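Examining the three-dimensional arrangement
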Amino acid sequence: MVGNGKMNPSSEAEEEGVKSLLKWAAKYGIEVSESCSSLGLGHCLGISCFPGAGGRGVAALRPISKGELLLKVPKSALITTDSLLSRNETLSLALKAHPSLSSTQVFTVCLLYEINKGKASPWHPYFLHLPRSYSILAAFGELETQALQVDYAIWAAQKAVTKAKYEWDQAFTLMKELKLKPPLLTFRAWIWATGTISSRTLHIPWDEAGCLCPVGDLFNYAAPTEDPDSFENVENWQNEHAKDDLDIHHSQRLTDGGYEEDVAAYCFYAKKNYNVGEQVPSLAFNPIEALSLLSSSVVVTCAYGACNSAVLLSYGTYTNLELLEYYGFLLEDNPNEKVFIPLDLDMHSLSCWPEESLYIHQNGRPSFALMCALRLWATPPQQRKSIGHLAYSGCPISKGNEIYVMKWIGKECDALLKEMPTSVEEDKSLVHLIDKMVEYENLGEWVKEASAVFGGEFGDNNILKAAYGVEGDNELTSLVRTKMLIDRWKLAVQWRLMYKTVVARCISYCTDIINSLSTP
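Structure report, in brief. (Residues numbered from 1 in each chain as written. Predicted model: local features only at pLDDT ≥ 70, side-chain atom pairs only at ≥ 80, totals over all residues. Heavy atoms only, no water.)

1. What about the overall build of the protein chain?
To keep things clear, this is the line we draw: Strands here are runs of E lasting at least two residues and helices are runs of H or I lasting at least four, both read from the DSSP assignment and numbered beginning at the N terminus. Three labels apply to residues, based on accessible area from a 1.4 Å probe with only protein chains included: buried if under 20% of the type maximum, exposed if over 50%, partly exposed otherwise in between. Surface accessibility in these figures is a Shrake-Rupley result with a 1.4 Å probe; residues are shielded only by whichever protein chains are displayed.
Counting its regular elements, the protein chain contains 22 helices and 13 strands. Here the protein chain holds 520 residues, and 52% of them are scored as buried. For the protein chain, the exposed surface amounts to about 24,600 Å²; the carbon and sulfur share of it is 54%.

2. Quick notes on the sheet that holds strand β4 (residues 69–74)
The criterion, for reference: When DSSP finds at least two bridges between two strands, those strands are taken to pair. Orientation is described by axes fitted as lines to C-alpha atoms, over the contacting stretch for helices, and by angles from 0 to 180 degrees between their N-to-C directions.
Pairing within the open sheet is antiparallel, and its 3 strands lie in the order β4-β9-β8. The open sheet is flanked by β4 and β8 (257–260), the only strands paired with a single partner. For this sheet the average axis-to-axis angle between neighbouring strands, irrespective of direction, equals 20°. Bridging between β8 and strand β9 (residues 265–269) involves 4 bridges; their strand directions are antiparallel. In the strand pairing of β9, G258 is matched with C267.

3. Re helix α9 (residues 187–200)
Short version of the rule: Given a helix with a known number of residues, its expected span is that number minus one, times 1.5 Å.
For α9, which comprises 14 residues, the first-to-last C-alpha distance of 20 Å matches the rise-based estimate of 20 Å (1.5 Å per residue) to within 8%. Within α9, 12 of the 14 residues are buried, leaving the element largely enclosed by the surrounding structure.

4. With respect to the pairing of strand β6 (residues 207–211)
Counted residue by residue, β6 has 4 buried out of 5 residues, so it is predominantly covered. Sheet topology places strand β5 (residues 202–204) next to β6; 2 bridges connect them, and they run antiparallel. In the sheet register, I204 faces β6, and the bridge partner there is D207. Between the antiparallel neighbours β5 and β6 lie 2 residues.

5. Some details on the side chain of R488
Worth spelling out the cut-off: The contact criterion used throughout is that any non-hydrogen atoms of two residues lie within 4.5 Å.
Examined against the element boundaries, R488 turns out to sit in helix α22 (residues 475–518). When sequence neighbours within four positions are dropped, the list of residues in contact with R488 reads S135, A139, F140 and E144.

Right, here's the structure in full:
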C-alpha cells in the first residue's frame, strides 16, 4: 500500500495525546468488544506497524472469530451534519439561506465551523489527531498533476481541482457570514476538510454525506477479493441458514460493519477469522492518513513481536486512480486496477459496451469487452454481421483474427511506453531517490543530485519553485509545504509506474498468446 508519507511523530508526545483521545473515547461510550478491557484498544486489538501493508494499523492480539463484534461507536460520538447542527443554532439558521449547497458542502462547512470552536468543541481531542494534509487529487498542483504523465489521469486531477474550487467558491459567502477565522476560509482549509470527509467518512442511512467515526478510523484498507468464502456472499449465506430464521441484521456480521438502529451505534465486525498478529481492515478511511493515531498498546504488541499483519476493512472496487482521487493513497497490488489505452473512434463505435469497460486488467490481460470490440473491429466489414454473435459472446473469431488483435494491442502498448517521458526503470529509480531524500541535509542538495539524473522533471528547479513559491511563509511552513508537495509528487510517480507496469505486462501477455497460436 502506498500513501502520502507523514513526518515521524514525537513518540512521547504522540502517545500522551493518544491516551487523551482514548480517555475521551471511553467517556463517549466507544467500546472495543465485550471481551476486551476499556484501557487503550483492549486485549483483542492493538496498534502496530505493518511495512508494505499500510504502515500503522490495527492488529489482533488474540484469535478473533468471523462475525465477532470488534468495535462499537455510539451515535452520540459520530460526527455528522445533524450532530453538528443540533449544537449550533447560528450555523443552522445561516445554512437555511444557502439551500443550493450539496450535502457534502454543508458537511464541510459544518466541520470547519466546529474546528473553528477550538477546545470548546466536544470533538476537539479527536480533531487534534486528524492528518494535517491529504494527497487526494484535488490537492494536486501543476507539478504533481503533470507528473502523472497519462492524459486521462491528468484530466482527472485537473477536474478534481476545478470541482473543489467551484464548491469552495459557492460556500465562501456562507463561511464569511459564520465569521470563520481567516485560515479556515482559505482554499487550503477547504481541501483539508473535503479530504477528511472524502477519505474518512462511513455510510449512514440518514445522510448521504456520511459520518466521521472516531477510533473507527484506526483500521486499514483491504481491496475486495473474489474469495468464495468472503463477506461479499451474504445472500448465499442467508439462503443456507434460512431455516435458522436469521435476518439481514445478523447477516451484517459477515460484513465489515455498519450503523445499527437497534443499538444506535456504528458496529465493526470481523469479516473473517484472525490469528494473533493479523491485521484487521476498515470500511472507508484513508489507511495512511487514519494511522496518525497510536496507542499505548503499540509497546505491548511490538514488544511481543505479534504484529506482522493487520486487521483490515474494504472500501469497494476502486482503481488506483479512484483511490488517489478519493482517499489519497495507492495499492501496489490492486486487483481492481484498470488501465486504459487510446482507442480509435471506430473501435468505440463498433462496441456496445461503455468506454469504462474497455481496459486492461492489472495482470496485463485485456478485458472481456475490449477483446470483443477489437475482434469485431479486426473482422472485414462485410463479415461483421454474420460473425457478430461470436464476438459479442467472447469467442475468438479465428486464429488469424486473434493473432491480429494481439499484435495490434502489443504494438499500441509498446508505442505507448516509448512515448512516455520516462521509462519503467527510470520511474523506479526516481521513487528510490525520493525515498533517499531524508538522508540529505537540505532539499537543494538533493534536487541538485536528482537533476543530474532526471533533468526533465527537475528542470529549472521545479520542485524548489513549487515548494517555496508562496510569499510570507516562514522556514518551517516552507519545509512542511515542501514535504506535502513531495508526498503528492511521489504518489504521481508511483501511479504512472504502476500504469506502465500493467502496460508492459499486457505486451508480455499478447506475445505469449501470439506464440502459442503460431505454434503448429
